[in-house]
Amino acid sequence: MTDFKKHPPYMELCLCRRCADVYFNDPAYWVERSNPIQTVRELCDVCSQYRGFDYSIWKKPSNVRLPKSHR
Ligand SMILES: [Zn+2]
């Protein structure tokens with residue numbers, strides 16, 4: 001189920017709560033704090049407006065392949 005986590009993260013970003021939620025809510029991605037004990041918030045890499053923490057982001061493999069419809 002979490003085999004994809006054996007691979008290095010797809011990307012590492014500093015995300016504010018707002019931008020982290022976008023990835024958390026996207027079923028195509030798996031997001032985890034890079035450093036759970038990090039206490040210093042840094043400027044978000046995505047919006048550059050808010051501060052947040054470093055996150056590691058994996059792109060989930062697309063296991064489900066819809067068969068082509070036969071006509
Ligand atoms: Zn942000």
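A.B. asks: What's the story with the overall build of the chain in this structure? I'm lost.
C.D. replies: Each helix and strand counted, the chain has one helix and four strands in total. Listing every helix and strand of the chain by position from the N terminus yields β-α-β-β-β. Each of the 71 residues in the chain was classed as buried or not, and the buried ones make up 14%. Within the chain, contacts between residues at least 6 apart in sequence are counted, and of these 71% link residues at least 24 apart.

A.B. asks: Can you walk me through the nonpolar core in this structure?
C.D. replies: Note on soluble globular proteins: their nonpolar side chains tend to be buried together. Of all hydrophobic cores here, the largest spans nine residues; its members are L13, C14, L15, C16, C19, A20, C44, F53 and Y55. Taken together, the elements giving at least two residues each to this core come down to β1 (11–15), α1 (17–24) and β4 (51–59). Here this core gets three residues from one element, more than from any other, and that element is β1. Once residues within four sequence positions are removed from consideration, C19 is found in contact with C44, V46 and C47.

A.B. asks: Sorry if this is basic, but what is going on with the pairing of β4 here?
C.D. replies: As a general feature of sheets, a regular strand has side chains that alternate between the two faces. The pairing of β1 with β4 spans five bridges and is classified as antiparallel. Across the sheet, residue L13 finds its bridge partner in β4, namely Y55. Relative to β4, strand β2 (residues 29–33) is paired through five bridges, and the arrangement is antiparallel. Looking at the pairing, W30 lines up with W58 of β4.

A.B. asks: Can you walk me through the confidence of the model for the chain in this structure?
C.D. replies: A low pLDDT means the predicted coordinates there should not be read in detail. Overall, the predicted model of the chain reaches an average pLDDT of 88, with 85% of residues at or above 70. The secondary structure element of the chain with the lowest average pLDDT is β2, at 94, and the one with the highest is strand β3 (residues 42–43), at 97.

A.B. asks: Could you clarify how one ought to interpret the environment of F24 in this entry?
C.D. replies: As for its position among the elements, F24 is in helix α1. Judged by the 14 C-beta atoms lying within 10 Å of it, F24 is partly exposed. For the pair F24 and I57, spaced 33 residues apart in the sequence, the C-alpha separation amounts to 9.5 Å.

A.B. asks: What is the right way to look at the environment of D21 in this model?
C.D. replies: Looking at where D21 falls in the secondary structure, it is placed in helix α1. C-alpha of D21 to C-alpha of V31: the two residues are 10 residues apart in sequence and 9.5 Å apart in space.

The rules behind these values
Residues numbered from 1 in each chain as written. Predicted model: local features only at pLDDT ≥ 70, side-chain atom pairs only at ≥ 80, totals over all residues. Helix = DSSP H or I, 4+ residues; strand = E, 2+ residues; numbered from the N terminus. Buried ≥ 20, exposed ≤ 12 C-beta atoms within 10 Å, placed from the backbone. Contact = placed C-beta atoms within 7 Å. Core = buried A, V, L, I, M, F, W, Y, C linked by C-beta atoms within 7 Å. Pairing = 2+ DSSP bridges. pLDDT = per-residue confidence, 0-100.

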